Amino acid sequence: MSTVIIGAGHAGVQAAESLRTEGYADRIVLLDKAEHLPYQRPPLSKDYIKAGGDPAPLPLRGAAFYGEHDIDLRTGVEVVRIDSQAQLVFVKGGEPIPYNELIIAAGAEARRAHCAGNGLEGINYLRTVEDAETLRAQLDRGYGRVVVVGAGFIGLEFAAVAAQRGLDVTVIDFAQRPMQRVLSPSMSDYFTQVHTDLGVKLHFDEGLDHFVGEQGRVTAVAGTSGVTYPCDFAVVGLGVVTDEDLAAAGRIECDRGILVDEYLSTNVPHVYAIGDLAVFPSHHFGGNLRLESVQNATDMAKTVAKTIAGNPSRYDIAPWFWSNQGPVKLQIAGLADPADVVIERGNRSTGKFSQFLFRDGQLVAVESVNAPADHVAARKLLEHDAGITMEQARDHDFDLKAYARNLSSSAMTPS
Amino acid sequence: MPKITYHHAGGATDTVEVPEGTSIMRAALSNSVSGIIGECGGQTMCATCHVYVRGDVDLPEISEEEDEMLDCTADDRLNNSRLGCRVVAGRDFGEIEVDLPQSQN
Ligand SMILES: Cc1cc2nc3c(=O)[nH]c(=O)nc-3n(C[C@H](O)[C@H](O)[C@H](O)COP(=O)(O)OP(=O)(O)OC[C@H]3O[C@@H](n4cnc5c(N)ncnc54)[C@H](O)[C@@H]3O)c2cc1C
Ligand code: FES
């Protein structure tokens, strides 16, 4: 008997560990095409590229962890095909590996820019430690012009670091505001101010048209408005794409990711999908969701491990996320919708506040800026489905921390 | 090289020597010391790197953000609680001993 896990990222490594915690005693094979000891991605756009940044990527677990937990970690092994009938995983240059249970945790890749000039040198993405290494070398020079395409989390995290390191930074995005899809408009506007204060030049309503180059190297980014932004290098942060080929060949259903049910099972027996590539039905938010976050990867992993270890469990957890941009630590509990009613607690002029978002009178999300205690309390509220009322949110004497603390001690936590 | 001794909740210990600039959290993850998770990658945002510092080490003041996160640890906060990602070898100590909590999340 064995479980094979494709991908040793946040999801895959946690799944392997949780299988052991759940008492799974059979073989666990954990495959990753990258050669490294599995590492954490979030620091790559944060501490790793800062001045005097981390010397090496931060490992997810120490090297000895895998052996100690009897996890057969094989790095530098790329899965090229899944045969779900024969229950085999085919790898490049090796024998096929049989499985009883298969967990696909292969994450996602940075979405490439499909436009003229996209093959020029000096156009970078930011997903892997190699990407971060290349960017760090550019930043270490401490000067130069960079154009960031895409005002999402990763693009803006990079932009903030680059500006703080003395570079001339321009960001373009076809949206109207930073992180438009995932933040309330008022929080998004706050970030416009944060980046402007850092010296980042933001241009919205400006798509990527093409790259301009000389002698094979990028020299400018041309926007759809007709304006050209000169640069020494560019960073593209256009989100991610999932590799559906691997799944599709194994007759696993996909729709912008691998489709799973509430147990994280695909349509094919004994095949599960977790992490960045899994599209799951959400009761919390209605409809199908695909989330890219450490929380989602980790919690899906814990859930699928329970199921495989013989204790079928549903995935229905309130999401949370964090991002660091310059002086701002942003933490989000729940999922925001631009139409939500916003109630602010604390004072944004102090650079420390939270926004409570309500939909049909229900608390659905909390966005916190440099207010981790609010965030932790908000997570408890959402976890326990014990949202506060709009009146409570408006009442600045209402003790949120105490309210959340009482919840965790009195509520019966579902396991 | 600076030295860190981790005392596990069950009584076992791990001692590691690390280059200057390494946090107690990173030192644990890089040296396969269990009991520290470091979910946020050292951003003072998760409190899964909670440790109890032994003895009388003269560490820098607890910042406001560390203080706030220390209120969110899984195991009780004590007077000697710190976040492992905020205490750095070389800068903050030459040698240190810490107790690990039972649980980090
Ligand atoms: C720069 C950056 C910053 C981020 N910051 C944050 C943040 O602040 N907060 C947050 O919550 N999230 C953040 N994220 C998102 C978070 O890192 C991801 O959601 C998380 O890594 C998803 O985990 P995963 O295991 O699904 O995928 P991954 O971590 O991508 O792991 C997938 C693994 O599968 C391997 N693989 C792929 N295909 C194959 C194959 N065919 N054969 C073998 N192996 C394969 C890959 O090599 C990879 O190691 C950030 C991401 C990036 C890139
Ligand atoms: S690693 Fe998250 S708070 Fe220290």
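Note that this is a predicted model, so its numbers are computed, not measured.

**Section: the overall build of chain B**
(1) Moving on: Along chain B, the regular secondary structure elements total 2 helices and 5 strands.
(2) Moving on: The linear arrangement of helices and strands in chain B, starting from the amino end, is β-β-α-β-α-β-β.
(3) Moving on: Here the C-alpha radius of gyration of chain B, 12 Å, is about what a compact globule of 105 residues would show, namely 13 Å.
(4) Moving on: Judged by the C-alpha coordinates and their principal axes, chain B covers about 30 × 30 × 25 Å.
(5) Moving on: Counting the 105 residues in chain B, one finds 55% classified as buried.
(6) Moving on: Intrachain contacts of chain B at a sequence separation of at least 6 include 60% that bridge at least 24 residues.
(7) Moving on: Accessible surface for chain B amounts to roughly 4,600 Å². Of this, 39% is attributable to carbon and sulfur atoms.

**Regarding the domain arrangement of chain A**
Residues and elements named next belong to chain A.
(1) Moving on: Each domain of chain A was delimited in the assignment, giving domain 1 (2-108 + 242-308), domain 2 (123-239) and domain 3 (327-412).
(2) Moving on: The C-alpha-based centres of domain 1 and domain 2 are spaced at 30 Å.
(3) Moving on: If you look at the interface, domain 1 gives 16 residues, while domain 2 gives 14 residues.
(4) Moving on: Of all residues in domain 1, Ser45, Tyr48 and Ile49 give up the largest surface area on contact with domain 2, accounting jointly for 41% of the area buried on that side.
(5) Moving on: One can count 2 salt bridges joining domain 1 with domain 2.
(6) Moving on: Here Lys46 makes a salt bridge to Glu157, at a shortest N to O gap of 3.1 Å.
(7) Moving on: In this structure, the connection of domain 1 to domain 2 is made through 12 residue pairs in polar contact (both at pLDDT 80 or more).

**Topic: empty space enclosed by the protein**
Residue and element names in this part refer to chain A.
(1) Moving on: In this structure the tally under the stated criterion is 1 cavity of 30 Å³ or more.
(2) Moving on: One number sums up the size of the largest cavity: a volume of about 30 Å³.
(3) Moving on: Forming the walls of the largest cavity are Phe280, Ser282, His284, Phe285, Leu289, Leu291, Asp316, Ile317 and Pro319.
(4) Moving on: Grouping the amino acids of the lining of the largest cavity by side-chain chemistry returns 6 nonpolar, 2 polar and 1 charged.

**Description of the sheet that holds strand β2 (residues 27-32) of chain A**
Residue and element names in this part refer to chain A.
(1) Moving on: Across the sheet, which stays open at both edges, the 5 strands sit in the order β3-β2-β1-β7-β19 with parallel pairing between neighbours. Two strands lie at the open edges of the sheet, namely β3 (71-75) and β19 (271-273), each paired on one side alone. Within this sheet the neighbouring strands show an average axis-to-axis angle of 15°, counted without direction.
(2) Moving on: Judged from the 5 bridges that link them, strand β1 (residues 2-6) and β2 form a sheet pairing that is parallel. Within β2, the position partnered with Ile6 by the bridge is Leu31.

About the criteria used
Residues numbered from 1 in each chain as written. Chains lettered and ligands numbered in written order. Predicted model: local features only at pLDDT ≥ 70, side-chain atom pairs only at ≥ 80, totals over all residues. Heavy atoms only, no water. Helix = DSSP H or I, 4+ residues; strand = E, 2+ residues; numbered from the N terminus. Rg over C-alpha atoms; globule rule 2.2 N^0.38 Å. Buried < 20%, exposed > 50% of the residue type's maximum accessible area, 1.4 Å probe, protein only. Contact = heavy atoms within 4.5 Å. Areas by Shrake-Rupley, 256 points an atom, 1.4 Å probe, with all protein chains shown as cover. Domains from an automatic or database assignment. Buried area = accessible area lost by both parts, 1.4 Å probe. Salt bridge = Lys/Arg side-chain N within 4 Å of Asp/Glu carboxyl O. Polar contact = N/O pair within 3.5 Å; in protein donor to acceptor, adjacent residues only side chain to side chain. 1 Å grid on protein atoms, 1.4 Å probe; cavity = no way out; pocket = protein on both sides within 12 Å on 5 of 7 lines; lining within 4 Å. Points joined across faces, edges and corners; volume = space filled by probe spheres on them. Nonpolar A, V, L, I, M, F, W, Y, C, P; charged D, E, K, R; others polar. Pairing = 2+ DSSP bridges. Axes fitted to C-alpha atoms, helices over the stretch in contact; angles between N-to-C directions.

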